[in-house]
Amino acid sequence: MKEFFGIGGYQRTPEGAFSWQHLLFVTSLMILMVVLAVFLGKRNKNELAQKKNRVLIWSAILIDGFELMKIIISCVDDPSAWTMMLPLFLCSIQLIAIPLAAFSGGRVREAALDFVSVFGLLGAVLGTFGATQNYNAYPVLSFTNMVSGITHSISGFAALYIMISGMASMKRTNMWITFAILLIFCVAAYVANILVDYNYMFLMSGDGTPYDILFNLVGGHEVLYPLSVVALFLVYICLFYGIWHLVEKKEPQSAAV
């Protein structure tokens, strides 16, 4: 158990990113995520909003519960570990967005549901298949990677469930709120990076992730790189909304045929 939780440091050699162990583990999580989201989403599609919301309530409790457990255990081993566990990664925003979607109301709830829909699935893929820095640093079957895999899968599950069950509104008038949420977190992440010397939102470097492609493209420029990362996020939001409404327009025609 000491070795599983990495108390005192992991003694096992990490299997490495894209090893068969890494791919098998995260693929299993993704399959489970999709199956549960499709099953529960279709089952609750025509149910009352209150029943639909129960699934999100459990998602919020589980994702925050696992993350809190990780922080507590990590800080027991290393009291300074909290500086690397602030909710300032793109995927970490779901720790706040999913509870807001589950427990708030009105415009805030609408915006939170849309935010989870836009970034939940992307975060799930990037945080499992794309988390090369984790799988190069820790064994696959370790507490660190297992909790990371579970929380990212919950994020993707919530996004798929919201879309399949019909809870997402994706109103264009709410797009600016999605922009605002993201920009606020990006600014907070950049400030935190300077204060605690870390790499939240991967705004300082690619750190062995797919962001390295962008980092190398701009030659690691201290200003261009973080601005490019933020711009990429904003372009992704626009593309997601655009594709969503394009598909939405075609659905009635398909039904008529």
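Rules and cut-offs
- Residues numbered from 1 in each chain as written.
- Predicted model: local features only at pLDDT ≥ 70, side-chain atom pairs only at ≥ 80, totals over all residues.
- Heavy atoms only, no water.
- Core = buried A, V, L, I, M, F, W, Y, C linked by side-chain atoms within 4.5 Å.
- Buried < 20%, exposed > 50% of the residue type's maximum accessible area, 1.4 Å probe, protein only.
- Helix = DSSP H or I, 4+ residues; strand = E, 2+ residues; numbered from the N terminus.
- Contact = heavy atoms within 4.5 Å.
- Phe/Tyr/Trp six-rings, centres within 6.5 Å; stacked < 30°, edge-to-face > 60°.
- 1 Å grid on protein atoms, 1.4 Å probe; cavity = no way out; pocket = protein on both sides within 12 Å on 5 of 7 lines; lining within 4 Å.
- Points joined across faces, edges and corners; volume = space filled by probe spheres on them.
- Nonpolar A, V, L, I, M, F, W, Y, C, P; charged D, E, K, R; others polar.

J.: How do you make sense of the nonpolar core when you look at a structure like this?
T.: What tends to happen in soluble globular proteins is that the nonpolar side chains get buried as a cluster. One finds Leu56, Leu90, Leu182, Met201 and Phe233 to be the most contacted residues of the largest nonpolar core, which totals 54 residues. Sorting the residues of this core by element identifies helix H2 (20-44), helix H3 (49-77), helix H4 (94-103), helix H5 (106-126), helix H7 (143-164), helix H8 (175-196), helix H9 (211-217) and helix H10 (224-256) as the ones contributing at least two each. When residues of this core are assigned to their parent elements, the largest contribution, eight residues, is made by H10. In contact with Leu56, other than residues within four places in its own chain, are Ile98, Ala101, Ala102, Leu113, Ala158, Tyr161, Ile162 and Met167.

J.: How should I be thinking about unusual backbone geometry in this particular structure?
T.: Trans peptide bonds make up the majority, and among non-glycine residues the majority have a negative phi. Positive phi, normally seen in glycine, also occurs at Phe18, with a value near 65°. If you trace the backbone, Phe18 turns up in the loop between helix H1 (2-5) and H2. Its identity as a non-glycine residue notwithstanding, Met170 has a phi of 50°, on the positive side. Looking at the secondary structure, you find Met170 in the loop between H7 and H8. Exposure remark for Met170: the relative accessible area of 0% places this residue in the buried category.

J.: Just checking my understanding: could you explain the packing of aromatic side chains for this structure?
T.: Each pair of aromatic rings is reported with the distance of its centres and the angle of its planes. Evaluated as defined, the whole model comprises 15 aromatic pairs. Look at Phe4 and Phe143: their rings are 6.3 Å apart centre to centre, the planes differ by 75°, and that puts the pair in the edge-to-face class. In this pair, Phe4 sits in helix H1 while Phe143 sits in helix H7, placing the two residues 139 residues apart along the sequence. Judged by relative accessible area, Phe4 falls into the partly exposed class, the value being 26%. Ring plane angle 75° and centroid distance 6.2 Å describe the contact between Phe89 and Tyr198, whose orientation is recorded as edge-to-face. Here the residue Phe89 occupies a position in the loop between H3 and H4, and Tyr198 occupies one in the loop between H8 and H9, the gap between them amounting to 109 residues. Joined through ring pairs, the aromatic side chains of Phe89, Tyr198, Tyr200, Phe202 and Tyr211 make up one cluster.

J.: Got a minute to help me understand the layout of surface pockets in this structure?
T.: Here the idea is plain: a probe the size of a water molecule rolls over the atoms and shows the empty space left. Approximately 1,100 Å³ is the volume found for the largest pocket. Contributing to the lining of the largest pocket are 42 residues, with Lys70, Met84, Asn134, Thr144 and Tyr198 lying nearest its centre. For the lining of the largest pocket, the elements supplying multiple residues, two or more each, are H3, helix H6 (132-137) and H7. When grouped by side-chain class, the residues that make up the lining of the largest pocket number 22 nonpolar, 15 polar and five charged. In this structure, the second largest pocket encloses a volume near 280 Å³. Around the second largest pocket, the lining is made up of 14 residues, and of these Leu36, Leu62, Ser153, Ile154 and Phe157 lie nearest the centre. Breaking the lining of the second largest pocket down by element, the ones donating at least two residues are H2, H3 and H7. Residue classes in the lining of the second largest pocket are distributed as 12 nonpolar, two polar and no charged.

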